[in-house]
Amino acid sequence: MLVALPVSAQFLPDEPASGNMVIEGLDPALQPVNSTEALKHSEQAVVRVLVVYRGYGGVPLEAVGMGSGFVVAPGYIVTNYHVIETPPEATSSEIYIVPHKDARSPYRQVKLVRQWVEGDLALLRADGLEIDPLTLSLTPQKNQRIVAMGYPGVTDRLLKRGGLELLEPADAYVTQGSIALFASTNPDGSRVDTLFHTAPINPGNSGGPLLDECGQVVGVNTWSAASTLSETGDMDVPAGQYVATHVAALNTFLSSAGLKPLTTTDPCYARTADEIVKDDDLSRALAIVQEAQLKRLEEQRKAEQMNALMDQLQLAALVLLSVLVLILIWLIIQRRHHRERGDMPVPGHPHTEDAPLTLRKALHERHRFKPPFPWGWLVLAAAVVLLALGFLFRESPIYKRLTVPKPEAIVTHPATALRLSCEVDVAASYRPLSDAGPIEFEFDGSRACVNGRTPYERQGDGSLLRYTVSDSEPVAAKLELSKDGQTFKRSDYRLEATAYRTYVAQRTALGALRCASGNDAAQAQALEDNLKKVRALARGYLTGNPDSQTVWRCKRIDEKPRV
């Protein structure tokens, strides 16, 4: 049977924080949180809650209630209602909180400002309390690793701590586990969202926070399974059955009180300080690879510039040669013209008149004969000039604009999903996958969606892009579908083991991606943002040339797929 953690009979107890280690140069949405620092910071927001009961005449009772709580807004603490509930034998009570020792804040009396009996939650106000509130993570996931913090009474007893010593600030007790189950009712039968987890808690943990590895609240610890005596007389001690009020119920309770706590829906991707230190070598190796890649790109750019310069020099040499040929042809024509004029007989010249008749006839015939015009030289000159002009025009922006291929029509109708059949193009592939064969898939161009569930990111040129990673081997892939839907290409990259584990962890933290449904603009925008994050993450790991590249040629088919 599940029961609320009992109020411990002892004596009298505040402050918060939250810290993330930022890795320079990474997208903030992708960088891991230093869980060691984040949890240490969040622990400062966990407080011990002590309740002094008074009987008739204001006489203090011997029993003192004890539990845990945490700061949810400036000057406000949440705990369980059963922690601060006044028992029948008392007429009144006084509630105190004792902050964490690193919060550097003394114990103080607080006031109950709101309660929710069915949800077993209570809101306390602590005037003058200057402790950073915790952030609520509104999207906890099953199997997510979590941490429970609080001040269990059994720890105080083992440390021989009691009486006035409980008013001294101390460290919170921390246990670890994972989320095991979500439920819509609590163990009392009330319709309150709860979550089962495996982080051990004990009496005194009631009201303490259940945190993810980023130090964000995912629940309020409230119940544990009580030991029972079986029919045979044996003690039945259940293991790993611990229950917390879901963070969604807590957020609703705080909103009803007019508070606006810090909330987030981003997934938690965290690593311990040790893991971050161990990854320093990997980070340096990746930096070296990235630097080498940038160096190769710079060398390629310089080579392209040199090739362009050589092309320009060759073109200039061709133009100069054309000019020289034209000058040479002009000189030849001029020289020939002058020679002809020098050989021409001049009428009335005394030597001409006195020349014999035969010579005069020869000169006359020569004068009547005109040598042919040098069309061959002109044709050669024109050919050289046209050739030079052709090269000039080919390199001009005008030619490039005229020869830009017209955008091809997208094969997909904006409102209709088409089915494509694709065959491997071995000639266009590089070390294609050994098991690659014909594939068929349904493609919805209006949503950039394949087979109704797998989203692709539309690029500026109209093509579609998606990144995947294998679950069984250290291989990641880039999938591309051309704008016309006729070419599907898969590029596979084999990753080093450590880089693969890091990439998988970061990719998992971004969650599963599914096609947006209907005309939900908000969902579509969220999907687009997540696809951009996946692309930014993948480009940090999928560098250089792929280890293999398989190309398929696709065509539209109208028939339904075979079952």
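Scoring rules and cut-offs
Residues numbered from 1 in each chain as written. Predicted model: local features only at pLDDT ≥ 70, side-chain atom pairs only at ≥ 80, totals over all residues. Heavy atoms only, no water. Buried < 20%, exposed > 50% of the residue type's maximum accessible area, 1.4 Å probe, protein only. Helix = DSSP H or I, 4+ residues; strand = E, 2+ residues; numbered from the N terminus. Pairing = 2+ DSSP bridges. Phe/Tyr/Trp six-rings, centres within 6.5 Å; stacked < 30°, edge-to-face > 60°. Contact = heavy atoms within 4.5 Å. Axes fitted to C-alpha atoms, helices over the stretch in contact; angles between N-to-C directions. Disulfide = S-S within 2.5 Å. Core = buried A, V, L, I, M, F, W, Y, C linked by side-chain atoms within 4.5 Å. Parallel < 35°, antiparallel > 145°, perpendicular 65-115°, else oblique. Nonpolar A, V, L, I, M, F, W, Y, C, P; charged D, E, K, R; others polar.

Colleague: Where do I start with the pairing of strand β26 (residues 475–481) in this structure?
Modeller: As a general feature of sheets, a regular strand has side chains that alternate between the two faces. Of all seven residues making up β26, five are buried, and the element is well covered by its neighbours. The pairing of strand β25 (residues 464–469) with β26 spans six bridges and is classified as antiparallel. Among the inter-strand pairings, Leu464 is bridged to a residue of β26, identified as Leu481. Here β25 folds back onto β26 in antiparallel fashion, the turn holding five residues. By the bridge criterion, seven bridges tie β26 to strand β27 (residues 487–494) in an arrangement that is antiparallel. Paired with Lys478 across the two strands is Ser491, which belongs to β27. Linking β26 back to β27 in an antiparallel pair, the connection comprises five residues, with Gly485 at a positive phi of about 75°.

Colleague: Help me out: how do you make sense of the packing of aromatic side chains in this one?
Modeller: Each aromatic ring pair is specified by the distance between its two centres and by the angle formed by the two planes. Enumeration according to the criterion identifies five aromatic pairs in this entry. Ring plane angle 20° and centroid distance 6.3 Å describe the contact between Trp116 and Phe253, whose orientation is recorded as stacked. Of this pair, Trp116 sits in strand β7 (residues 108–116) while Phe253 sits in helix α4 (residues 247–256), and the two are 137 residues apart along the sequence. The exposure class assigned to Trp116 is partly exposed, which follows from its relative accessible area of 24%.

Colleague: Can you walk me through the sheet that holds strand β21 (residues 439–444) in this structure?
Modeller: Adjacent strands of a sheet pair through backbone hydrogen bonds, lying either parallel or antiparallel. Spatially, β23-β22-β21-β20-β28-β27-β26-β25-β24 is the arrangement adopted by the nine strands of the open sheet, whose pairing is antiparallel. The open sheet has two edge strands with one neighbour each: β23 (454–455) and β24 (457–458). In the packing of helix α11 (residues 497–509) onto the sheet, the strands contacted are β25 and β26, and the crossing angle to β25 comes to about 120°. Docked against the sheet, helix α12 (residues 521–539) engages β23, β24 and β25, running at close to 60° with respect to β25.

Colleague: Explanation requested: the state of the cysteines in the structure shown.
Modeller: The bond known as a disulfide is covalent and runs between the sulfur atoms of two cysteines. Counted under the stated rule, the structure contains three disulfides. What pairs with Cys422 in a disulfide is Cys554, and their sulfur atoms sit 2.0 Å apart. In this structure, the disulfide formed by Cys422 and Cys554 twists by about 105° around the S-S bond and is classed as right-handed. Taken together, the positions of Cys422 in strand β20 (residues 418–424) and Cys554 in strand β28 (residues 548–557) put the pair 132 residues apart, joining distant regions of the chain. Neither residue differs from the other here; Cys422 and Cys554 are each classed as buried. Paired through a disulfide, Cys449 and Cys515 show a sulfur-sulfur distance of 2.1 Å. One disulfide, between Cys449 and Cys515, carries an S-S torsion of 100° and so falls in the right-handed class. Linking Cys449 in strand β22 (residues 449–450) with Cys515 in the loop between α11 and α12, this pair joins segments that are 66 residues apart in sequence.

Colleague: Please explain the pairing of β21 as it appears in this structure.
Modeller: Pairing analysis gives five bridges linking β20 to β21, with the strands arranged antiparallel. Looking at the pairing, Arg419 lines up with Glu442 of β21. Here β21 runs beside β22; their pairing, made up of two bridges, is antiparallel. Looking at the pairing, Asp444 lines up with Cys449 of β22. Connecting β21 to the next strand, β22, in antiparallel fashion are four residues, including Ala448 with a positive phi near 50°.

Colleague: Sorry if this is basic, but what is going on with the sheet that holds strand β6 (residues 92–98) here?
Modeller: Pairing is antiparallel around the closed barrel formed by six strands, whose spatial order is β3-β4-β5-β8-β7-β6. Put simply, the sheet's adjacent strands are angled 40° from each other on average, direction ignored. Across the face of the sheet, α4 comes into contact with β4 (60–73), β5 (76–79), β7 and β8 (121–125) while running at roughly 45° to β8.

Colleague: I tried to follow the nonpolar core on my own but got confused; where do I start?
Modeller: A general tendency of soluble globular proteins is for nonpolar side chains to be buried together. If you look at the biggest cluster of nonpolar residues, it comprises 43 residues, and the most contacted ones within it are Phe70, Ile77, Val78, Ile84, Ile97, Leu250 and Leu254. Of all the elements, strand β3 (residues 46–54) adds the most residues to this core, at five residues. The contacts of Leu250, once residues within four sequence positions are left out, are Phe70, Val78, Leu121, Leu136, Val217 and Val220. In terms of nonpolar packing, the next biggest core, distinct from the first, is built from 18 residues, Leu465, Leu510, Leu527 and Leu542 among them.

Colleague: Would you mind going over the packing of α11 against α12 with me for this structure?
Modeller: Each pair of packed helices can be summarised by the angle the axes make with each other and by the distance between the axes. Two elements in contact, α11 and α12, have axes whose closest approach is 10 Å; the angle formed by their N-to-C orientations is 170°. Relative to α12, the element α11 is oriented roughly antiparallel. In this structure, α11 uses Tyr503, Gln506 and Arg507 to contact α12, whose residues at the interface are Val534, Leu537 and Ala538. Grouping the constituent residues of the contact of α11 with α12 by class yields four nonpolar, one polar and one charged.

Remember, this is a structural readout, not a statement about activity or role.
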